[in-house]
Amino acid sequence: MPESLLDLEHQRSAILQQMLRLPDFRSGSITATRGTCGKPTCRCHQPNQPGHGPHYRLTRKLKGKTVTESFATLAELRKAQREVEAYHRFRQLAQALLEINERICRSRPVEQELTPAKKKRRKSSSRKWLAK
């Protein structure tokens, strides 16, 4: 049985309310990197050594460019992780909102836009265009 338009609109309102309650968020992904330093005698250059790190970085796109941000403290990393998690929740809610809006659009009845006077008006002929 199809859902009523009123039920769909309530679902949409619930999604929008969830979006309003989201904390601060930002896009991107956090990755851990390991690397070697410039000292040839350092342990990071030895076989089977993991290297220095992990160093955590936030990578995101900004105006078509890839921007990378490093974190100086563990507190900054935790804050960024919370913000990125909130962004992923925002994306899920945005997808759900899009889906519910599409269902609303399909369920909403078509409104009659033409007045009786407009219906009777004769359309311009395309014969003039074809004759040229």
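Residues numbered from 1 in each chain as written. Predicted model: local features only at pLDDT ≥ 70, side-chain atom pairs only at ≥ 80, totals over all residues. Heavy atoms only, no water.

Draft legend 1. Broad picture of the pattern of salt bridges. Per the stated rule, a full pass over the model turns up four salt bridges. Residue E69 is joined to R26 by a salt bridge in which the shortest nitrogen-to-oxygen separation is 3.1 Å. Here E69, found in strand β3 (residues 65–70), pairs with R26, found in the loop between α1 (5–20) and β1 (29–35); they are 43 residues apart in sequence, far enough to count as distant. E69 sits in the partly exposed class, given a relative accessible area of 29%. Its relative accessible area of 22% is what places R26 among the partly exposed residues. Among the charged side chains, a network of salt bridges with common partners joins R26, E69, K79 and E83. (Salt bridge = Lys/Arg side-chain N within 4 Å of Asp/Glu carboxyl O. Helix = DSSP H or I, 4+ residues; strand = E, 2+ residues; numbered from the N terminus. Buried < 20%, exposed > 50% of the residue type's maximum accessible area, 1.4 Å probe, protein only.)

Draft legend 2. Molecular detail of helix α2 (residues 74–107). The terminal C-alpha atoms of α2 lie 50 Å apart, and with 34 residues this matches the ideal 50 Å at 1.5 Å per residue to within 8%. On the buried face of α2, the contacting elements are α1, β1 and β2 (52–62). (Expected span 1.5 Å × (residues − 1). Contact = heavy atoms within 4.5 Å.)

Draft legend 3. Structural view of the pairing of β2. Relative to β2, β1 runs antiparallel, the two being bridged by six bridges. Within β2, the position partnered with S29 by the bridge is T59. In the sheet, β2 pairs with β3 via six bridges, with the strands oriented antiparallel. Counted as the bridge partner of L62 is K65 from β3. Adjacent in sequence and paired antiparallel, β2 and β3 are bridged by two residues, among which K63 carries a positive phi angle near 55°. (Pairing = 2+ DSSP bridges.)

Draft legend 4. Spotlight on the packing of aromatic side chains. Inspection of the entire model under this criterion finds three aromatic pairs. When the ring of F25 is compared with that of Y87, the centres are 6.2 Å apart and the planes differ by 35°; the resulting orientation is tilted. With F25 in the loop between α1 and β1 and Y87 in helix α2, the pair connects residues that are 62 residues apart, well separated along the chain. On the basis of relative accessibility, which here comes to 34%, the residue F25 falls in the partly exposed class. A relative accessible area of 17% means that Y87 is categorised as buried. Ring geometry for F25 versus F90: centroids 4.8 Å apart, planes at 20°, classification stacked. A residue pair is termed long-range when its members are at least 10 positions apart, and F25 in the loop between α1 and β1 and F90 in helix α2 qualify at 65 residues. Through a chain of ring-to-ring contacts, the aromatic side chains of F25, Y87 and F90 assemble into a single cluster. (Phe/Tyr/Trp six-rings, centres within 6.5 Å; stacked < 30°, edge-to-face > 60°.)

Coordinates in, geometry out; function isn't part of it.
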